[in-house]
Amino acid sequence: MLSATDSRAAQERRWAQAGDFLRTVATVARRELLVELRQPNKLALDLTGHVLGLAPVLLTAWAASGAGLPQSAAVSGTDWLTFILLGYIAFAAYGVASPVISFTGMAFALHDEQIQGTLERSLLAPAPRLAVVLGSGAYYTALYLFHVVTLLLASAFFLGLQVVWTPGTVLLSSAVLVLIFVMSVGLGIISAAVLLTWKDTSLMMILVHRPMLLLSGAYFLIPAIPEPFRTLARLNPIAYAIDAFRGSLTGATILTPLPIDLGVLLLSAIGTLVASLYLFDRLMARWLRTGSLGLY
Amino acid sequence: MREKQDRAAGAPVPRAATGPAGPATLPLAFLHELVIVARYSLIQQQRTPTWIFNTSLTPFFLMAPLLFMATSFLGPGGAALERFTLLTGYENYLGYMVVPLLDATMTSTVYSNIGHTIRQEQRTGTLERTLMTLQFPISLILGRSLGFLVFVFWFAGTALLLVWLVFGLRLDVDPISAAVLLLLHLLLVYGVAFLMTSLFLWITDAFAVQMLFSRFVLLTLAGATYPVSLLPDWLQVVARLIPFTWLYELERAALLQAAPLAAIWQGLLVLAAMVAVLWLAAVTLFNAMLTRARRTGMLGMY
C-alpha cells in the first residue's frame, strides 16, 4: 500500500511528465513553424489557399445549379450555397477542403524529415515520441482551425450563409468541430504511418487522401451520386461528420438524423485517434527494430 | 567500360565522353541526348511500381467530386439542366466538365512530375552534375517530358474509360479537329511544364506556385467547369489571356459537338499563337534561370 508521501510523489512525477510532454509538443511545433516561415510562397498559399480553393467549387456549383436558379430544398434541406459552404468548411477542418493545399499536413511534414534524414534522430531524442509526432502536426492543426474560422466568418458576413445562430447551435457546431479535429489528428497519424512505411506519397494519396475527398459528400448530395459510390460514402465516417456539422447549424441532415450522425462522429473520432496511436506505436517499434525509419 | 555501362543503363553520358558535336551533327546530338534523358526518366519511374495505380486513378479521383456535384445539382432532365444548356450551349453537362478537367489534371500532373523529379535531383545533389554533363541542358526537361508522354497517354486513356464506365460519358468527335487540337494541346501542356519547371531553378518552394497555378488558373480562371461568361467583365478579359480558356472551348466544340476545322479555325489560330509565345517565354526563362543558378551557385545548394 502506498503511503501519502509516495502517492504525492507519484502525482508530482505524472505532472512533471505531462509538463515535459507539452514542452516537447511546443518545441517541435515551434520548429515546424520556423520551417514553414522559411517557405514564403507556401506560407502565403497556406493562409489563402482555402479561399482560393473555394472559388472553383462555388463557380461549379453556381453553373450546375442553373446559374442561380432557386434549388429545391427537397434533398439537401437547405439552399445550394449554404449546403456547399458548410460542407467545405467542415472539410477544411480535415485540411483537405482546399485542393490548393493538398500536399501538406502532418504526414508530409514527417515524410520530408524522413527524406532529409532527420526523422530517426528526432524520434530517438530523449522525449516522448508521440509528442514529437503531435508537435509536427501542430502547425497544420492550427492552420486548419484558422481556415474553419475565417471561412465561417467570410461565409456569414459576405456570402449570405443561411444558418440559425443561437447559443445552442453555436455550442453544438463547436462540439462537432472539436470531434472533427480529433478525427483529423487521428487520420493525420494514420497517413503518417502509411507514408513512413511505404515511403510513397502517391500511394498515400490514392489510398487515404483521394478516397476521403471522393466519398465525403462535402460538395455533393450523396443520395444523388451513382452506385457503388453512394453505398461506399455511407461507410465513410467523414461523410457523417460533415452531415453532422451541416445539421448542427441548419437542422437539416442527409444521411441520418442528427443524433445518429453525432453518435457516429463521436465513436469514429475516438476510434480513429485510438487506432492511429496504437498503429503508430506498433509501427514505430518495428521501424526501430528493423532500422527502416532512417532508410529511404 | 564505365561509359559502356552508363550507356546500357540509359544514364546521361558526359560531354567529354561523347566528344564535341559539330554544327552538322548538332540536331542529331540534341536528339540523342533527349532520348537518353527520356530513357533515364523511364528507368527511374520503374523503381516506383505504384505509378500504375497513381496514374490510373488520380485523374478520376480529382474529377469525380466535381462531376458528382454536377450530377447532384443538374441531374438528368431537371429545370437547372435547361438553364445550364442555355448558359453554355451544351446539354451534355458531363462532357462539358470532363474534357477540360482532364486537360487540367493532365497538365498539372505533367509539370508536377517533371518539377518534382528535378527538385528531387536538387535535393540529392545530382542536379548540378547532370546539368553540367549535358551538352544541351534544356534536354533535361524536354527529355523528361518525352519520357513522361507514355504516362500522359495512359493517364488520359484510363480517366476516359473510368468516366465512361461510371458516368456514361458520351463524345461526338470530329477526328481532324481533334487531331489538330491534340497536337496543340500537347505543345501547350509541355510548354507550361517547361515554364513551371524552370521555376524550380529559381524558387525554393516553387511547388506552391505550381499548385496555385493548377487550381486557381487551370481550374478557376480558365473556366474548366463553368462558362467564363459568368465572371465579371474585367475577369473575362484576364481569362481570355489564358491559353487554356481557348483550349477548353475548342476541345469542347471538337469533342462534344464534332465541330469541323472550318468552324473553329479562328480560335485555333489564337491558341497556336499563344502556344508559340509560351514556348519562347519558357526557353528564355529556362536559359535565364540556368545562367543565374550557375552564377550564384544556387543549383547545387538546397
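Here the structure is a predicted model, which means the values were calculated and not measured.

Q: Describe the overall build of chain A, listing the residues and the values that go with them.
A: Within chain A one finds eleven helices and zero strands. Along chain A, helices and strands appear, N-terminal first, in the series α-α-α-α-α-α-α-α-α-α-α. Here chain A holds 296 residues, and 44% of them are scored as buried. Long-range contacts, defined here as pairs at least 24 residues apart, represent 77% of the contacts in chain A between residues at least 6 apart.

Q: Could you give an account of the overall build of chain B, naming the residues involved and the relevant values?
A: Each helix and strand in chain B was counted, giving 13 helices and zero strands. The order of α-helices and β-strands along chain B, N terminus first, is α-α-α-α-α-α-α-α-α-α-α-α-α. Within chain B, buried positions represent 42% of all 302 residues. Put simply, 79% of the contacts in chain B that link residues at least 6 apart link residues at least 24 apart.

Q: An account of the confidence of the model for chain B is needed here, citing residue identities and associated values.
A: Residues and elements named next belong to chain B. Per-residue confidence for chain B gives a mean pLDDT of 79, with 88% of residues at or over 70. Per-element averaging of pLDDT across chain B places helix 2 (residues 15-18) at the bottom with 46 and helix 12 (residues 243-256) at the top with 91. Every residue in residues 9-19 is under pLDDT 50, and counting partners more than four places away or in other chains gives 22 contacts.

Q: Requested: an account of the interface of chain A and chain B, with residues and values cited.
A: Facing the 36 residues of chain A at the interface are 39 residues of chain B. Secondary structure elements with two or more residues in the side of chain A that touches chain B: helix 2 (40-64) and helix 8 (201-214) of chain A. Per element, the largest residue contribution to the side of chain A that touches chain B is 13 residues, and it comes from helix 2 of chain A.

Q: So, the packing of helix 3 (residues 80-92) of chain A against helix 6 (residues 129-158) of chain A: which residues are in play, and what are the values?
A: Two quantities define a packed helix pair, namely the angle between the helix axes and the distance between the axes. Residue and element names in this part refer to chain A. Close contact between helix 3 and helix 6 brings their axes to 8 Å; oriented N to C, the two are set at 160°. The orientation of helix 3 relative to helix 6 falls into the category roughly antiparallel. The crossing of helix 3 and helix 6 is left-handed. Judged by residue contacts, L85, Y88, I89 and A92 of helix 3 engage Y144, H147, V148, L151, L152 and S155 from helix 6. Split by residue class, the contact of helix 3 with helix 6 holds eight nonpolar, two polar and no charged.

Q: Can you explain the packing of helix 2 of chain A against helix 3 of chain A? Please cite residues and give values.
A: All names here are of chain A. The interhelical angle for the contact between helix 2 and helix 3, taken along N-to-C directions, is 150°, at an axis separation of 11 Å. The handedness of the crossing between helix 2 and helix 3 is right-handed. Between helix 2, through H50, L54, V57, L58 and A61, and helix 3, the contact on the second element is made entirely by W80, I84, Y88 and A92. Broken down by class, the residue content of the contact of helix 2 with helix 3 amounts to eight nonpolar, one polar and no charged.

Q: Lay out unusual backbone geometry with the relevant residues and their values.
A: Here E227 of chain A and P228 of chain A are connected by a cis peptide whose omega angle stands at 5°. Note on placement: P228 of chain A falls in the loop between helix 8 and helix 9 (229-234). The residue A258 of chain B is not glycine, and still its phi comes out positive at about 50°. Structurally, the position occupied by A258 of chain B is in the loop between helix 12 and helix 13 (261-296). A tally of 15 C-beta atoms within 10 Å means that A258 of chain B is categorised as partly exposed.

Q: Hey, could you go over helix 8 (residues 138-167) of chain B for me, with residue numbers and the actual values?
A: All names here are of chain B. If you check helix 8, its first and last C-alpha atoms are 41 Å apart, about what 30 residues at 1.5 Å a residue would give, namely 44 Å. If you look at helix 8, its biggest bend is around 35°, right at F148. Backbone geometry just after helix 8 places G168 at a positive phi near 70°.

Q: Lay out the confidence of the model for chain A in plain terms, naming residues and giving numbers.
A: Residues and elements named next belong to chain A. Residues with a pLDDT of 70 or more make up 89% of chain A, whose mean pLDDT is 80. Looking over chain A, one finds the lowest element-wise mean pLDDT in helix 4 (residues 106-116), namely 72, and the highest in helix 10 (residues 237-250), namely 89. Low pLDDT (under 50) marks residues 98-103, which in the prediction has 20 contacts with non-local residues, meaning those over four places away or in another chain.

Q: Tell me what's going on with the environment of R292 of chain B, and back it up with residues and numbers.
A: Along the chain, R292 of chain B falls in helix 13. Between the alpha carbons of R292 of chain B and L86 of chain B there is a distance of 52 Å; along the sequence they are 206 residues apart.

Q: Explain helix 12 of chain B to me, and be specific about the residues and the numbers.
A: Residue pairs three or four apart in sequence face the same way in an α-helix, which turns once every 3.6 residues. All names here are of chain B. Along its 14 residues, helix 12 runs 20 Å from first to last C-alpha, staying within 8% of the 20 Å computed at 1.5 Å per residue. Where burial is concerned, most of helix 12 is hidden: 13 out of the 14 residues are buried. Two residues or fewer after helix 12 comes A258, characterised by a positive phi angle close to 50°.

Thresholds applied
Residues numbered from 1 in each chain as written. Chains lettered and ligands numbered in written order. Predicted model: local features only at pLDDT ≥ 70, side-chain atom pairs only at ≥ 80, totals over all residues. Helix = DSSP H or I, 4+ residues; strand = E, 2+ residues; numbered from the N terminus. Buried ≥ 20, exposed ≤ 12 C-beta atoms within 10 Å, placed from the backbone. Contact = placed C-beta atoms within 7 Å. pLDDT = per-residue confidence, 0-100. Axes fitted to C-alpha atoms, helices over the stretch in contact; angles between N-to-C directions. Parallel < 35°, antiparallel > 145°, perpendicular 65-115°, else oblique. Left-handed = near helix turned anticlockwise from the far one by under 90°. Nonpolar A, V, L, I, M, F, W, Y, C, P; charged D, E, K, R; others polar. Expected span 1.5 Å × (residues − 1). Bend = angle between axes of the 7 residues up to and from the residue.

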